[in-house]
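Below are the chains, spelled out letter by letter.
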Amino acid sequence: MKLNHVNLTVTDVPAAVNFLEKYFGLRNPGGGNKGFSALFDDDGLVLTLMKAGEVAYPKTFHIGFGQESDERVNEIYRRLKEDGFDVKPPQRSHAWTFYVQAPGGFTVEIMS
């Protein structure tokens, strides 16, 4: 048995899609719309996004993107910082990791 999809409720589907494509390489072949979109990775994951007026995830809720190296984590951190995201530098805890608030109202962890 394999988890094959996760649905996130977001306040801005196009902005969340752009973010996930740009920084994490997810693909949106169907194009989606302002109310729904499905993104895919190379390992069979389907991440669906549905629009809602409000999003209220629990404080510790997040999705994570594992990277192959600390250097790749640092590269994504630099790109996000240069693009104006409010991110704290990576730190060593359970992994080399940092978190970012994504457009649409959810949190993403980037770690190696």
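Structure report, in brief.

The rules behind each value
- Residues numbered from 1 in each chain as written.
- Predicted model: local features only at pLDDT ≥ 70, side-chain atom pairs only at ≥ 80, totals over all residues.
- Heavy atoms only, no water.
- Helix = DSSP H or I, 4+ residues; strand = E, 2+ residues; numbered from the N terminus.
- Expected span 1.5 Å × (residues − 1).
- Buried < 20%, exposed > 50% of the residue type's maximum accessible area, 1.4 Å probe, protein only.
- Arc of directions from axis to C-beta.
- Contact = heavy atoms within 4.5 Å.
- Axes fitted to C-alpha atoms, helices over the stretch in contact; angles between N-to-C directions.
- Parallel < 35°, antiparallel > 145°, perpendicular 65-115°, else oblique.
- Nonpolar A, V, L, I, M, F, W, Y, C, P; charged D, E, K, R; others polar.
- Pairing = 2+ DSSP bridges.
- Phe/Tyr/Trp six-rings, centres within 6.5 Å; stacked < 30°, edge-to-face > 60°.

**So, helix H2 (residues 70-82)**
- Spanning 13 residues, H2 covers 18 Å between terminal C-alpha atoms, matching the ideal 18 Å at 1.5 Å per step.
- Restricting attention to buried positions, one finds in H2 the residues Val73, Ile76, Tyr77 and Leu80. Burial along H2 is one-sided: seen end-on, the buried residues are contained in an arc of 105°. Turned more than 90 degrees off the buried face of H2, the exposed positions are Glu71 and Glu82.
- Among the structural elements, helix H1 (13-24), strand E6 (96-102) and strand E7 (106-111) are those in contact with the buried residues of H2.
- Once H2 finishes, Gly84 follows within two positions and takes phi at roughly 95°, a positive value.

**Overview of the packing of H1 against H2**
- Contact geometry of H1 with H2 gives a least axis separation of 11 Å together with a crossing angle of 135°. Taken as axis vectors, H1 and H2 run oblique relative to one another. Listed contacts from H2 to Phe19, Lys22, Tyr23 and Phe24 of H1 are Arg72, Ile76, Arg79 and Leu80.
- Taken together, the residues of the contact of H1 with H2 sort by class into five nonpolar, no polar and three charged.

**A short note on the sheet that holds strand E5 (residues 91-92)**
- Strands sit in the order E4-E7-E6-E5 across an open sheet of four strands; the sheet is mixed. Looking at strand neighbours, the two that pair on one side only are strand E4 (63-66) and E5, the edges of this open sheet.
- Of the strand pairs in this sheet, E5 and E6 are connected by two bridges, and their pairing is antiparallel. Bridging from a neighbouring strand, Gln91 pairs with Thr97 of E6.
- Packed onto the sheet, H1 meets E4, E6 and E7 and runs at close to 5° relative to E7.
- Across the sheet, H2 is in contact with E5, E6 and E7; its angle to E6 comes to roughly 30°.

**Here we look at the environment of Leu26**
- Inspection of the secondary structure puts Leu26 in the loop between H1 and strand E2 (36-40).
- Assessed through its relative accessible area of 7%, Leu26 is described here as buried.
- When near neighbours in sequence (up to four residues on either side) are disregarded, Leu26 contacts Leu20, Glu21, Leu39, Phe40, Asp41, Leu47 and Phe65.

**Things to note about the packing of aromatic side chains**
- Tallying each qualifying case throughout the model produces seven aromatic pairs.
- With centroids separated by 5.7 Å and ring planes inclined at 65°, the aromatic side chains of Phe19 and Phe24 adopt a geometry described as edge-to-face. The burial state of Phe19 is the same as that of Phe24; both residues are buried.
- Measuring from ring centre to ring centre gives 4.2 Å for Phe24 and Phe65, while their planes differ by 10°; the resulting arrangement is stacked. Note that Phe24 is positioned in helix H1 and Phe65 in strand E4, a separation of 41 residues in sequence.
- We classify Phe24 as buried; its relative accessible area is 13%.
- Ring-pair connections join several aromatic residues into one group, and the members of that group are Phe19, Tyr23, Phe24, Phe65 and Phe85.

That's the geometry; what it means functionally is another story.
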